[in-house]
Every structure is written in structure tokens, then in C-alpha cells.
Amino acid sequence: MRDLLPVLSGWYAARAPFGLATVVAVSRSAPRDPGAAMAVGPDDEVVGSVSGGCVEGAVFELAREVVASGEARLETFGYSDEDAFAVGLTCGGEITVLVRPVTPEADPTFGAVARSVAVGEPVTVATVIDGPAPRGATLAVWPDGVGNSPRAPGAHGALGGPGANNTLGTLGSTGLDVAVTADARGELALGATGLRHYGPRGERREDSVSVFLHSFAPPPRMLVFGAIDYAAAVARIGDFLGYRVTVCDARPVFATPKRFPAGVEVVVDWPHRYLHGTDTDERTVICVLTHDPKFDVPLLEEALRRPAAYIGAMGSRRTHDERMRHLLESGLEEGELARLRSPVGLDLGGRTPEEVAVSVAAEIVALRWGGTGAPLTGAAGAIHRAPSG
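These figures come from a predicted structure and were not determined experimentally.

1. Side note on the packing of aromatic side chains
Taken as a whole, this structure holds 5 aromatic pairs when the rule is applied. Between Y12 and F110, the ring centres sit 5.1 Å apart and the planes meet at 40°, which makes this aromatic pair tilted. A residue pair is termed long-range when its members are at least 10 positions apart, and Y12 in helix α1 (residues 5–13) and F110 in helix α3 (residues 110–118) qualify at 98 residues. Classification of Y12 as buried rests on a relative accessible area of 13%.

2. A closer look at unusual backbone geometry
A cis geometry characterises the amide bond from S342 onward to P343, with omega recorded as -5°. In this structure, P343 sits in the loop between β16 (340–341) and α10 (353–369). Even without glycine at this site, D43 takes up a positive phi of about 60°. As for its position among the elements, D43 is in the loop between β2 (37–40) and β3 (46–48). Within the chain, H291 stands out as a residue other than glycine whose phi angle is a positive 60°. Position of H291 relative to the elements: it lies in the loop between β14 (285–288) and α7 (293–303).

3. Observations regarding empty space enclosed by the protein
Gaps left between atoms are located by rolling a probe of water-molecule size over the structure's atoms. Taken as a whole and judged by the stated rule, the model has 1 cavity of 30 Å³ or more. Taken as a whole, the largest cavity spans an internal volume of roughly 190 Å³. Forming the walls of the largest cavity are 16 residues, and the residues nearest its centre are M1, L20, R100, V125 and T127. Looking at the lining of the largest cavity, the elements that each hand over two or more residues are β1 (18–27), β5 (94–102), α3, β6 (123–130) and β10 (209–216). Looking at the lining of the largest cavity, its residues break down into 10 nonpolar, 4 polar and 2 charged.

4. Focus on the pattern of salt bridges
Charged atoms that come close allow side chains of opposite charge to pair. In total, this model carries 23 salt bridges according to the counting rule given. Note that D229 and R259 form a salt bridge whose closest N and O atoms lie 3.2 Å from each other. Here D229, found in helix α5 (residues 229–240), pairs with R259, found in the loop between β12 (244–249) and β13 (265–268); they are 30 residues apart in sequence, far enough to count as distant. Its salt-bridge partner being E354, residue R236 comes within 3.0 Å of it at the nearest N-O pair. Residue R236 is found in helix α5, and its partner E354 is found in helix α10; the two are separated by 118 residues along the sequence. Shared partners join several salt bridges into a network, and the residues in it are D183, E187, R196 and R204.

5. Overview of the layout of surface pockets
In this structure, the second largest pocket encloses a volume near 290 Å³. Around the second largest pocket, the lining comprises 13 residues; the ones closest to its centre are V344, L346, G350, V356 and S359.

6. Observations regarding the sheet that holds strand β9 (residues 194–198)
Within the open sheet, the 5 strands sit side by side as β8-β7-β6-β10-β9. Their pairing is antiparallel. Looking at the sheet topology across the chains shown, the edges are occupied by β8 (167–169) and β9. When the angles between neighbouring strand axes are averaged without regard to direction, this sheet yields 25°. The pairing of β6 with strand β7 (residues 138–141) spans 4 bridges and is classified as antiparallel. By the bridge assignment for β7, T124 is matched with V141.

Reading the values: the criteria
Residues numbered from 1 in each chain as written. Predicted model: local features only at pLDDT ≥ 70, side-chain atom pairs only at ≥ 80, totals over all residues. Heavy atoms only, no water. Phe/Tyr/Trp six-rings, centres within 6.5 Å; stacked < 30°, edge-to-face > 60°. Helix = DSSP H or I, 4+ residues; strand = E, 2+ residues; numbered from the N terminus. Buried < 20%, exposed > 50% of the residue type's maximum accessible area, 1.4 Å probe, protein only. 1 Å grid on protein atoms, 1.4 Å probe; cavity = no way out; pocket = protein on both sides within 12 Å on 5 of 7 lines; lining within 4 Å. Points joined across faces, edges and corners; volume = space filled by probe spheres on them. Nonpolar A, V, L, I, M, F, W, Y, C, P; charged D, E, K, R; others polar. Salt bridge = Lys/Arg side-chain N within 4 Å of Asp/Glu carboxyl O. Pairing = 2+ DSSP bridges. Axes fitted to C-alpha atoms, helices over the stretch in contact; angles between N-to-C directions.

Here it is in C-alpha cells:
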């Protein structure tokens, strides 16, 4: 959805109705995760995808129908081998898709949400998908203290900004809005997206109303230390994967912006000092490519004591053994040292900076999703995994 917003915002600003299809639930080996989206706009222009091609034709027709009728639809697509021409997923999984019409009148939250996502403000969009509440109704929820800038003023202001409680829109009842707002802020803090169930007035012990919470948290950070050729390649692939990338090195002759992609932040500072003054969270990726004990040992002392999804360090096995000895002497415990991925990357046999970057990215993805890194050929079980941990 994030990638589609520039196009969708143009349609919305032009008051051109469009049908927005969003994956709200998946099972088994489904090809896309909840939140994947596709839209059909003016002149039948299509952007995005909900299945990688399996059911896009059917969703295209549904989107046209909901724009014509003004009523949202919920459809489930699964595997079908009974009819060669039947619409279904060839992977054997199942996806549930909500298709709803979007106009300024039907969805007054969309413009404010798109603006927040564009500038990196966190926001969650709650949408009713089923039950005794208006299907397709939306409620946008910002964290406390976010969304009240002059760009988005006051309750239902001229720019369509959030109200005093940092929400915009309604799901049909005050009780439901209150319950969903609390849960949406909790999901947003985790960067999580998924279904929640309530009673018609927000009762938590009932499940007659299904609400999809779609969190737009700021992109996770990738911190790359050591402004070498390998760092430039890792920064490029990190940017490609959607990370907000920062490269840090104490040597100004190497830490120059022209050596890195345009969207990458370049910082000249001692790595451990920069990291000490930088916030990290459970989604942050830290790649230590300095390959010099005077840089990487104090840096890893700092990194291994703070939250991060991945901490990897480059070096030979001899370098790794020496580094581990220094880190033990610094007072780090075995549990902290076990978080270190070193030598960095999966065993792909790569040698060039670009090939090593693919190896590092593969390890990050495998760790995130619980993958083994082994070839899928000859493996059994589901291809697509739920997040690990």
C-alpha cells in the first residue's frame, strides 16, 4: 500500500473514485501478506497486486463493481483444481480481500493518512470488514502527540487532519471507536498489521465485528558502519528492501555522500559514539563492516546491549575469534554474544561487494521470517512463513 499512495493520492485529490482492494487475511502458503493492495482507478488504470497475478482479474472486476455500487465487498480466494478456468490461487493458499470504494465522501480519512505516510508519521487505519457495523468504514489513529502540526490542524480541519484525540473518521459507534483506537496504538507501536474482533459497541469478549488494523509505521532502520565498497553495496540493497539506511564512519575521506545512493544518510563520527546517541528498536538492522578492532569492538559492545533485529559483523574466522575474545574481556555475557551474526551473511560463495551484500540481505530476511537459507528444491512444507519470534 505504501508504494501505491502517490498514485492513489492523485486520484483522491482529483476526486476520481477508485476501488481499493486490500488483503485482510491469509492462510497456508498465500502469496502476499495482509496489507498488500491493488487499486483500480480512472480509465481502468490498475496499480498494485494482491496475489502476484492469480486472482487479479477477478479483483479488477470487483473493484469496478464497488465503485459503481458504492458498497464494499469481502471475498475469499483459495485453491481450485476442479475447473481449469476457475479463479483461484495456484499456490494452495487462501486470501481474503476487502474491496471498497474510495472518494473524499466515502473515506474522509484517506487524504490525511496519505500525507502522514508521505512524511514518515506513524498512523494506523482501522477498517470494518464484517459484522453489524458499516463494512468499509475507516478510522485513522495517530499516536499521542503526532498529527497535530499546522499541516494537519484540528478536528476535521480544512486539511482533513486528526481531531483532538488524534483520530479521524468513525467505525459506526463511539464504543467501537474507543476500543479500536486503544488497540490500534498498541499495534502501531509494534509495526503490526492484522485482524481484531469486537462486539458492536467495542465489547472485547465478543467477536461479531471484524476490524482490520493496517499499521503504517516509519520504515525500519539499517545502520551500516564502515564506509567501504561493501558498505555501499549493502546500503543499496538495504534501500531496495525498504530500510532507512545510515552509513557511519569516522574517516571523512571515505564517508562522503557521493559514494552512496541518494536516499542514504552519511555520518562522519566514531561508530560507537554515533550508535550510543541513536535510537534503535526491535526492527533495526546493524551491519558492522569496519573490519578494524579499534572501531568494531567498542561498537559491538554498544550494539549487543541494545534492541535490534539483526547485528552482523564482517571478518574472517580468525578476526571473529579475536573479536569474540575482546568482547568477552569487555564484560559481555554469552547470551549477548549469541546475538552476533559473524562472519556476516549466508554461505552463498559470493566475492564481489554486490554478491556479499546479497548474502547479508539473505541472512537478514531468513532471520526475520525463520527461514533456513537452504534451497527450496527438495524441501518440504510451506514456502511462505509467519514471522519468527
